[in-house]
Each structure stands twice: as structure tokens, then as C-alpha cells.
Amino acid sequence: MERNKNIYMKSNVAEMMIAPSLLASNQSCLGQEAERAGRSGADRLHLDIMDGHFVPNISFGPQVVKAIRPLTKLFFDVHLMCSQPDILLEPFAKAGADEMIIHIELGEQVPSLIHKIKSLGKKVGLAINPPTAIAAVQPFLEQIDLLLVMTVNPGFGGQEFIPKCLPKIRQAQGWRREKNLSYRISVDGGINDQTAAESARAGADTFVAGTSLFGAPSLKVAVKKMRQIVNENQPGASGWEILKSTGESNSPDSFLCIQKIHLPEWSNPK
């Protein structure tokens, strides 16, 4: 080992990600808004695809995604709120989607949709609406890259966060820890600084926010502030392990010291 090197490791703490939702941007200049998101310091761009059937609204399609894809290097999170997403998977994959999210409410379609998304070489997301029991997603947790917990009933932006969704986030985080899985836990709907903090404490690590980010005077400042807030509120935020070594195990002054600082209760599974 290298002498006097300090290595900091954070236990059971995922990297927190901020994903502005393009649906809340200025719709008259989506390209410029995508570029602005790319400059904001965000990690992802969330793209809500609505067909007017699965949800009572219509947004945009693969051609829009294709048009904005060259304008930013952000990871494209394509959320398919559609009754027949199977016919859209390949067009969105070709348009530049990095991850495609389908809904557990599609029932028997889910297994084949997961298989098709994987066959297209894309990451798989699975979303769940507020009225649906979290147990519905459990059979698929080992097959997905992201679980999206909707914290409003999907279809329109600007809705208020539903606090009753927080136990779903806690359960998803508990399953992830118990099964040693790596899917991300995302929240979408009514996410602002306060609700992002509540969701982070429950176990979320990916925060989709529309109005509170795109509607802020400075998107860059809003992203930075939200990132700071969720980092401060995530489980284990105060639980650092500090590993310090001189690198000379035969030296009298060499040592290996691991110090644990106030790990929260959830870090000690029963």
C-alpha cells in the first residue's frame, strides 16, 4: 500500500442522482432545454412518454428523443406510460434511450417487455403507481436496473407528493439490501427539496424532478441544491468508514484502523 494514504469508503450508500424531467421544461424549445439540462450538472434526463390511454395525457415520441439526443451526453431515462410499449421499444432504443421504464400495471406483458428491452441492449426500469401494492414488483427485482416509485398518479406534472408512497421506498430499499441487489430506487412526482429529502431518508437514490428544477430561476443552482440535500439525508450519510494505512505492515508505526461513526439503525439488519 501507499504510505499515509487515506481511503474513505461509505457503507451501503448509493451514489445519488438527479434527473430533471423534460416534461416540465419550456415545450417550445425542447432542444435548448435538453442542452440546459446537460449543463446543469444533472446525471440523467427523464423523458415521460404518454400515449393518452395508459394515462390521460400525450407527450412526445421517438422523433423528439432522436432530435435532442445529439445535444447532450446525459443518460436518457425513457419512461413509457403507454398501454402498448412493445411497439415503442425498438424505436426509442434507436432514438437514443439508455434505459426504458415500463409499468408493473401492464401485468402479463411485463416479462416479455423486460426480455425485449434487454435484447435491445438497454437498461430496464420498472415503475409502480401509487395504488399498486409494492409486492407486485418483487418477482422482477433481480431482472431490473431501476425501480421507479411513482409518488403521484402519473399523467400530469405539478402534482403534490403522496406521503403514503414512502413505505414503498423503504420496502424496496430493504429488499435491495437483503437480497444484495443493485437496482436503483427512483422517485417521480411532486419532488422538491423537501420531498426529495424525505425520499432519500426512505432509501431513494434517483430523483426525478420537473417543476422544482426547470421552474427554478437557475436550473444549475437548483440541481446543486437538491444534490446536497439528498446527500445529507440519505441513509448512512453520517456512517463513514475511514481506512488509514502507512503501507508498511512490518514497520513499528504501521497500523490498519477502521473507524465507524454512528451508523444508522438500518445498517444493522436483524
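A quick note: this is a predicted structure, and the numbers were derived from the prediction, not measured.

K.L.:
Tell me about the pattern of salt bridges, and please be specific about residues and values.
P.N.:
Considering all chains together, one arrives at nine salt bridges under this definition. As a salt-bridge pair, Arg36 and Glu33 come within 2.9 Å of each other at their nearest N and O atoms. Of this pair, Arg36 and Glu33 both sit in helix H1 (residues 30-39), separated by three residues, roughly a single helical turn. Of the residues examined, Arg36 reaches a relative accessible area of 23% and is grouped as partly exposed. Sharing partners across several salt bridges, the network here consists of Arg44, Asp77 and Glu99.

K.L.:
How would you explain the nonpolar core if you had to name every residue and give the values?
P.N.:
Residues Leu45, Leu147 and Phe207 are the most contacted members of the largest nonpolar core, which totals 65 residues. It is helix H8 (residues 219-233) that provides the largest number of residues to this core, a total of five residues. Beyond its immediate chain neighbours, meaning those up to four positions away, Leu45 contacts Pro20, Leu22, Ala34, Ala37, Ile68, Leu74, Phe75, Phe76, Asp77 and Phe214. With six residues, the next largest nonpolar core counts Ile101, Leu146, Leu148 and Val152 among its residues.

K.L.:
Tell me what's going on with the side chain of Asp188, and back it up with residues and numbers.
P.N.:
Mapped onto the secondary structure, Asp188 falls in strand E8 (residues 184-188). Although Asp188 is buried, it makes no salt bridge; Arg44 carries the closest opposite charge, 11 Å away. Asp188 has contacts with His46, Asp48, His79, Leu148, Val149, Met150, Thr151, Val152 and Val208, leaving out every residue within four places of it along the chain.

K.L.:
Lay out the pairing of E8 in plain terms, naming residues and giving numbers.
P.N.:
For E8, a buried count of five out of five residues is recorded, marking the element as mostly surrounded by other parts of the structure. In E8, alternate side chains face the same way, and those of Arg184, Ser186 and Asp188 on one face and Ile185 and Val187 on the other are all buried. Here strand E7 (residues 146-150) pairs with E8 via five bridges, running parallel. Considered in E8, the bridge of Leu146 is made with Arg184. Following the chain from E7 across helix H5 (residues 166-179) to the adjacent parallel E8, one finds a crossover that is right-handed. Summarising the sheet, E8 and strand E9 (residues 206-209) pair through three bridges and their orientation is parallel. Residue pairing across strands places Asp188 opposite Val208, the latter belonging to E9. Of the crossover connections in this fold, the one passing from E8 over helix H6 (residues 193-202) to the parallel E9 is right-handed.

K.L.:
Go over the packing of aromatic side chains with me, naming the residues and quoting the values.
P.N.:
Within a pair of aromatic rings, the relevant descriptors are the distance that separates the centres and the angle that separates the planes. This model, assessed by the stated rule, comprises zero aromatic pairs. Geometry around Phe75 places Arg44 over its ring, the cationic atom sitting 4.2 Å from the centre. It is Arg69 that lies over the ring of Phe76; its NZ or CZ is 3.6 Å from the centre.

K.L.:
Please set out the sheet that holds strand E4 (residues 75-81) residue by residue, giving values where relevant.
P.N.:
The strand order across the open sheet built from eight strands is E2-E9-E8-E7-E6-E5-E4-E3, with neighbouring strands paired in parallel fashion. The sheet terminates laterally at strand E2 (17-20) and strand E3 (44-50), the two strands that pair on one side only. When the angles between neighbouring strand axes are averaged without regard to direction, this sheet yields 25 degrees. Pairing between E4 and strand E5 (residues 99-103): three bridges, direction parallel. Of the residues in E5, the one forming a bridge with Asp77 is Glu99.

K.L.:
Explain the packing of H6 against H8 to me, and be specific about the residues and the numbers.
P.N.:
Two elements in contact, H6 and H8, have axes separated by 8 Å at closest approach and are oriented at 30 degrees. The angle between the axes of H6 and H8 places the two elements in the roughly parallel class. H8 is crossed by H6, and the crossing has right-handed handedness. Every residue of H8 that contacts H6 at Asp193, Ala196, Ala197, Ala200 and Arg201 is listed here: Lys225, Met226, Ile229, Val230 and Asn233.

K.L.:
Describe the pairing of strand E6 (residues 123-128), and please don't skip the residues or the numbers.
P.N.:
Most of E6 is tucked away: five of the six residues are buried. With helix H4 (residues 110-119) bridging E5 and the parallel E6, this β-α-β connection has right-handed handedness. With four bridges connecting them, E6 and E7 associate as parallel partners. Looking at E7, one finds that Ile128 is bridged to Val149.

Reading guide: rules and limits
- Here the residue index of a chain counts from 1 through its sequence in written order.
- Totals for whole chains, interfaces and linings use all residues, but because this is a predicted model, local features are given only for residues with pLDDT of at least 70 and pairs of side-chain atoms are given and counted only at 80 or more.
- Note: side-chain values were computed over all heavy atoms of the structure, leaving out hydrogens and water.
- By definition here, a salt bridge exists when the distance from a side-chain nitrogen of Lys or Arg to a carboxyl oxygen of Asp or Glu is within 4 Å.
- Where helices and strands are cited, they refer to DSSP runs of H or I of at least four residues and of E of at least two residues respectively, numbered from the N terminus.
- With a 1.4 Å probe rolled over the protein chains alone, any residue whose accessible area is under 20% of its type maximum counts as buried; one over 50% counts as exposed, and the rest are partly exposed.
- Nonpolar cores were defined as sets of buried Ala, Val, Leu, Ile, Met, Phe, Trp, Tyr and Cys residues, with membership established by side-chain atoms within 4.5 Å.
- The contact criterion used throughout is that any non-hydrogen atoms of two residues lie within 4.5 Å.
- Asp and Glu are treated as the negative residues and Lys and Arg as the positive ones, with His and the ends of the chain left uncounted.
- Two strands pair under a simple rule: DSSP has to find at least two bridges between them.
- A crossover counts as right-handed when, viewed with the strands pointing away from the observer, the path leading from the first strand over the helix to the second turns clockwise.
- Pairing of aromatic side chains here covers Phe, Tyr and the six-membered ring of Trp, requires ring centres within 6.5 Å, and sorts the geometry by plane angle: under 30 degrees stacked, over 60 edge-to-face, intermediate tilted.
- The criterion is that NZ of a Lys, or CZ of an Arg, lies within 6 Å of the ring centre and within 35 degrees of the ring normal, and then a charge sits over that ring.
- To obtain an axis, a line is fitted to C-alpha atoms, over the contacting stretch when the element is a helix, and the angle between two such axes runs from 0 to 180 degrees between their N-to-C directions.
- An angle below 35 degrees is treated as roughly parallel, one above 145 as roughly antiparallel, one from 65 to 115 as roughly perpendicular, and anything else as oblique.
- Left-handed describes a crossing whose near helix is turned anticlockwise from the far helix through less than a right angle; right-handed describes the clockwise counterpart.

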